[in-house]
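Each chain, written out:
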Amino acid sequence: MKKIIFILSFLVLLLVPLTVLASSTDVVRNESTGTGYASLSEAVNAASAGDTLTLLANIQLDGQVVIRKNLTLDLGAYTITDSPNFASNNTTLLNSIAE
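Quantities reported herein were computed from a predicted structural model and do not represent experimental measurements.

Asker: In this structure, what is going on with the overall build of the chain? I would like to understand it.
Answerer: Along the backbone of the chain there are two helices and nine strands. When the helices and strands of the chain are placed in sequence order, the string is α-β-β-α-β-β-β-β-β-β-β. Relative to its 99 residues, the chain shows a buried fraction of 23%. Considering only intrachain contacts with a sequence separation of at least 6, the fraction spanning at least 24 residues in the chain is 21%. Accessible surface, the chain as shown: approximately 6,900 Å² in total, 58% of it carbon and sulfur.

Shown next as structure tokens:
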């Protein structure tokens with residue numbers, strides 16, 4: 001019984017840092033740095049040329065997002081709505097459908 005409690009305690013301690021790093025408010029993750037962001041514009045502004053940004057949730061744009069660096073934006077199974085506010089140069093979109 002003591003071994004089981006020890007093992008469970010050890011597993012909990014291993015998982016605690018993961019829950020601290022993963023924020024439920026993150027909607028975009030920079031795959032190059034592992035950093036999560038609460039908005040697409042925040043992620044784009046912090047990204048360096050060549051980075052890959054991956055959506056973690058559907059995004060509703062509140063304002064214009066302009067990308068002026070070479071980035072890869074992986075939409076996965078998620079969507080960006082209000083697309084007229086999305087302007088980009090030299091951006092690669094993965095797993096996306098244009099409508």
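The rest of the description comes next.
Asker: When you look at the environment of Gln60 in this model, what are you seeing that I'm missing?
Answerer: Its location among the elements puts Gln60 in strand E4 (residues 59–60). Setting aside its immediate chain neighbours within four residues, Gln60 contacts Thr81 and Asp82. Side chain to side chain, Gln60 and Thr81 meet in a polar contact 2.6 Å long.

Asker: When you look at the nonpolar core in this model, what are you seeing that I'm missing?
Answerer: In summary, soluble globular proteins display a tendency toward joint burial of nonpolar side chains. Val28, Leu40 and Leu53 are the most contacted members of the largest nonpolar core, which has 17 residues in total. Broken down by secondary-structure element, the contributors of at least two residues to this core are helix H2 (40–46), strand E3 (52–55), strand E5 (65–67) and strand E6 (71–74). At three residues, H2 tops the list of elements feeding residues into this core. Beyond its immediate stretch of four places on either side in the chain, Val28 contacts Thr35, Gly36, Tyr37, Ser39, Leu40, Ala43, Leu53, Thr54, Leu55, Leu56 and Ile59.

Quick notes on the rules
- Residues numbered from 1 in each chain as written.
- Predicted model: local features only at pLDDT ≥ 70, side-chain atom pairs only at ≥ 80, totals over all residues.
- Heavy atoms only, no water.
- Helix = DSSP H or I, 4+ residues; strand = E, 2+ residues; numbered from the N terminus.
- Buried < 20%, exposed > 50% of the residue type's maximum accessible area, 1.4 Å probe, protein only.
- Contact = heavy atoms within 4.5 Å.
- Areas by Shrake-Rupley, 256 points an atom, 1.4 Å probe, with all protein chains shown as cover.
- Polar contact = N/O pair within 3.5 Å; in protein donor to acceptor, adjacent residues only side chain to side chain.
- Core = buried A, V, L, I, M, F, W, Y, C linked by side-chain atoms within 4.5 Å.

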